[in-house]
Structure formats: structure tokens, C-alpha cells
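# Close look at the chain arrangement
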Amino acid sequence: MNDDNPLIDHPDAFQEGLQRLKDGDIPSAVLLFEAAVQKSPESSEAWLFLGTSQAENENDEMAISALRKCLDLDPTNLSALMALSVSYTNESLQKQACHVLHLWLKANPKYSHLVPGAAPQLPNHGVMSFMDSGVHGDVCEKYMQAARLFPSDVDPDVQCGLGVLFNLSGEYDKAADCFVAALGVRPNDWQLWNKLGATLANGKQSERAVQAYHKALELYPGFIRSRYNLGISCINLKAYKEAAEHFLTALNLQSSGRGLPGSASRNAMSEGIWSSLRLVVSFLDRQDLYNAIYDNNLEVLNREFGIGSSVGNSSTGETQDETSR
């Protein structure tokens, strides 16, 4: 939680957080949902939105914490289970991701019969993360059985789960096919477009990944995670200046979305994005910008790369993108 949350006393933090999400202001939504869970710690819905917003804000560690709290309160929350599997995958916690996808099937009334017996427990966060191939194969087979139950009625969530599972095993072509199938049902789902982009990038198809990321950002310009992933794909394509522009756009979004006028804070910005920007600056051989990078000086860097101070609705175009980001 942010110790200096300027929105901690908002009278209706949860509803305002939903509005900020609708407006594309993810960082402010995070602050509002943090305020909401502090006021109503038993609200599983507030914890869910805090978790999913943290993930969209490029912070899977905090997302995992919030989503687990949601599931402590509501163990069968399907949205939280699917989102948690994605965040575990992004954090290279493969065993946990596989386990949570198993839980999702058990919790879903349409597919619970595929997982007989008592419901398995939520996995410990700190246990060994290496995935057992036998367990992965078993869960993957159950998801394929679920997909075959209703062949003429594609369930995009089942396809998403399969996409994550194939990402876990490095079968990126199969994973991409699953996300494409899901998009056939939900063509305006920016998160699915981003997942498709990350999968294509992991499969060394950076040009196609860029197209998918652009579609995600067309649908939701404030999607910081997709903006960051787009920058990574630009690195893979050796388009270093464009990569820097995307990273700066993401950092500006994080910095400006602080809820109150004039309250931008460098603490809101992702160190992972700054690290990627440092890498790009070194590729560009811009040693003159090293101090600005070290000082997290957005003003100087924005000026050098021609980034406007207001970037909230802009939409611009082999380090590995994270699986299902």
C-alpha cells in the first residue's frame, strides 16, 4: 500500500476507482482501490479490482497479494483465479500458476465435474515454483476436455486458461491460437489482445506482436502494461528510439495518475520500466542522458524524445515479454 496515498479519505473510493478505470487512469484507480480496501477490508470485490489494476499497472507482485486476499474472502471467485494464474505466470511461478488454473476449473460450475474430489487449496506463494510436467499435462488435458464440452459455444475463459498453460510449456503457436479463439468471442477485450501480443513476442514474432499491442492500446490507451510490452517488442526489432518513447509514455502515465493535481510522484513509477529505458538509452549511445535516467528526470527525457507532458490518451507503435501480460 502507498503510505502517501492522496486519496485515502475519498468518500466513495471504490466507485471513483471504477470511474478512473473507465477513464483509463490506472494509477489513480490503484490508489482509490487501496483506499477502498482499507475502509472495507472484507470487500472481496475491492480486493479483486485492486489486484487486476495492479497487474495492468505493471506490478504483478502487488497484484498477487491483492488477488490472494480476494480469494481468502471468496475462494471461488473465477475472475480472481484467472487473473492470479496470469500474474503467477508473469512472475515465473509456474507451479502456482498451474495449480490456480486447476482451482479455476473446480470453482466453475460448468466444469467442476472434471476435477473430482475436494477442492484443492490455494498454493503457498513461497514454495518451489518449478512446474511438474505431469501436473501440467493433467491440467492441460482437463482444459481441453472443458473446451470440447461445448464445441459450438467457445468459452473465452477456457481458451485463455489454455493459452496460459501453453505459454507455460513454451508452445507459443498453440497459445496464440487459443487467444485468437477467445478474441473471436470478445474482439474488444484489450487484455486478450495484450496476451496475444505477449505470446507472439515470446514466440519470436515481434512484428505481429506490435500489431496486437497497438490493437490493445487502440481499445484502451491508458493500458500501461501493454505500452511497456510494446516497448520491449520495439527493442527486439532494434527500434530503440520508438522503444524509449513507449517507455516514457508509460512512465508519464504512472507519474501523472496520482489522483490530485500537482501530486505526481516518482514513487509511482515502475523500476522495471526505468531499467528498460536505461537499456535503450545505452543502445542509443546517449551517455549524455545517463544522469537524467539515474535521477528519474522525466522532464529532461520527455524533452529529448519529444514526449508531450500530457500522454494519457496517446497511442504510439529479444527481451522476453512476460507470458500472459
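Quantities reported herein were computed from a predicted structural model and do not represent experimental measurements.

### Notes on the packing of aromatic side chains
Per the stated rule, a full pass over the model turns up 10 aromatic pairs. Residues Tyr228 and Phe247 carry aromatic rings whose centres are separated by 5.6 Å and whose planes lie at 40° to one another, so their mutual orientation is tilted. Highlighted residues: Tyr228 in helix H12 (residues 224–236) and Phe247 in helix H13 (residues 240–256), separated in sequence by 19 residues. As far as burial versus exposure is concerned, Tyr228 and Phe247 are alike and both buried.

### Observations concerning the layout of surface pockets
Computed from the structure, the largest pocket encloses a volume of approximately 730 Å³. If you trace the largest pocket, you find 32 residues lining it, with Thr52, Glu56, Ala83, Gln191 and Lys195 closest to the centre. For the lining of the largest pocket, the secondary-structure elements that each account for two or more residues are helix H1 (13–23), helix H3 (44–56), helix H5 (78–90), helix H8 (156–168) and helix H10 (190–202). Among the elements that take part in the lining of the largest pocket, H3 stands out by supplying seven residues, more than any other. Taken together, the residues of the lining of the largest pocket sort by class into 15 nonpolar, eight polar and nine charged.

### Considerations on the side chain of Ser270
Of note, Ser270 is situated in the loop between H13 and helix H14 (271–283). Looking at Ser270, the relative accessible area reads 11%, which means it is buried. Ser270 has contacts with Glu58, Leu251 and Gln254, leaving out every residue within four places of it along the chain.

### Observations concerning H13
Relative to the 24 Å expected for 17 residues at 1.5 Å per residue, H13 spans 24 Å between its end C-alpha atoms, a close match to the ideal helical length. Taking burial as the measure, the 17 residues of H13 include 14 buried ones, the bulk of the element.

### Quick word on the environment of Asp132
With respect to the secondary-structure elements, Asp132 resides in the loop between helix H6 (94–107) and helix H7 (133–149). Separated by 34 residues in the primary sequence, Asp132 and Cys98 place their C-alpha atoms 9.2 Å from one another. A polar atom in the side chain of Asp132 sits 2.8 Å from the backbone nitrogen of Gly134.

### Topic: the state of the cysteines
Applying the stated criterion across every chain, the model contains zero disulfides. No disulfide involves Cys140; its sulfur sits 8.0 Å from the nearest other cysteine sulfur, which is in Cys178. In this structure Cys160 is not part of a disulfide, and its nearest cysteine sulfur, from Cys178, lies 9.3 Å away. Residue Cys160 is classed as buried on the basis of its relative accessible area of 5%.

### Description of the environment of Leu149
Tracing the backbone shows Leu149 in helix H7. For Leu149, a relative accessible area of 36% translates into the label partly exposed. It is 9.3 Å that separates the C-alpha atoms of Leu149 and Lys110, two residues lying 39 residues apart in sequence. With near-sequence residues (within four places) excluded, Leu149 lies in contact with Lys110, Tyr111, His113 and Leu114.

### Concerning the pattern of salt bridges
Inspection of every chain in the model, using the stated rule, returns 15 salt bridges. With a shortest N-O distance of 2.8 Å, Arg286 and Asp288 are connected by a salt bridge. By relative accessible area, which is 52% here, Asp288 ends up exposed. As a salt-bridge pair, Glu304 and Arg286 come within 2.8 Å of each other at their nearest N and O atoms. Here Arg286 lies in the loop between H14 and helix H15 (290–294) and Glu304 lies in helix H16 (residues 298–305), a separation of 18 residues in the sequence.

### Remarks on the packing of H5 against H6
Following both chains from N to C, one finds H5 and H6 inclined at 165°, their axes separated by 8 Å at the closest point. Our classification of the angle between H5 and H6 gives roughly antiparallel. As for how H5 packs across H6, the hand of that crossing is left-handed. Taking contact as the criterion, the partners of Leu78, Leu81, Met82, Leu84, Ser85, Tyr88 and Thr89 in H5 are, on H6, Gln96, Ala97, Val100, Leu101, Leu103, Trp104 and Ala107. Of the residues in the contact of H5 with H6, the class split is 11 nonpolar, three polar and no charged.

Parameters at a glance
Residue positions are given per chain, counted from 1 along the sequence in the order it is written. Per-residue local features are limited, in this predicted model, to residues with pLDDT of at least 70; the limit for side-chain atom pairs, both in listing and counting, is 80 or more; totals at the level of whole chains, interfaces and linings are taken over all residues. Computation of side-chain values: all heavy atoms of the structure, hydrogens and water removed. To pair, rings of Phe, Tyr and Trp, with the six-membered ring standing in for Trp, must have centres within 6.5 Å; the planes then decide the type, stacked if under 30 degrees apart, edge-to-face if over 60, and tilted in the middle. Helix and strand assignments follow DSSP, with helices taken as H or I runs no shorter than four residues and strands as E runs no shorter than two, numbered in order from the N terminus. Only protein chains enter the accessibility calculation, which uses a 1.4 Å probe. A residue is then buried if its area is under 20% of the maximum for its type, exposed if over 50%, and partly exposed in between. Grid points spaced at 1 Å over the protein atoms alone were grouped into cavities, where a 1.4 Å probe fits but cannot get out, and pockets, open sets with protein on both sides within 12 Å along at least five of seven lines, with lining residues defined by an atom within 4 Å of a point. Grid points are joined across faces, edges and corners, and a volume is the space filled by probe spheres set on the points. All amino acids are sorted into three groups, where Ala, Val, Leu, Ile, Met, Phe, Trp, Tyr, Cys and Pro are nonpolar, Asp, Glu, Lys and Arg are charged, and the leftover types, Gly among them, are polar. The contact definition used throughout considers only heavy atoms, calling two residues in contact when any of these lie within 4.5 Å. Working rule for helices: expected span equals 1.5 Å times residues minus one. For the purposes of these results, a polar contact is taken to be a pair of N or O atoms within 3.5 Å, where, inside protein, one atom must be able to donate a hydrogen and its partner to accept one; residues adjacent in sequence count only when each atom of the pair is a side-chain atom. Disulfides are defined as pairs of cysteine sulfur atoms found within 2.5 Å of each other. Salt bridges, as used here, are contacts in which a Lys or Arg side-chain nitrogen is within 4 Å of a carboxyl oxygen on Asp or Glu. Angles shown run from 0 to 180 degrees and are taken between the N-to-C directions of axes, each axis being a line fitted to C-alpha atoms and, for helices, limited to the stretch in contact. The labels follow the angle: roughly parallel below 35 degrees, roughly antiparallel above 145, roughly perpendicular from 65 to 115, and oblique for the rest. Less than a right angle of anticlockwise turn of the near helix away from the far helix marks a crossing as left-handed, whereas a clockwise turn marks it as right-handed.

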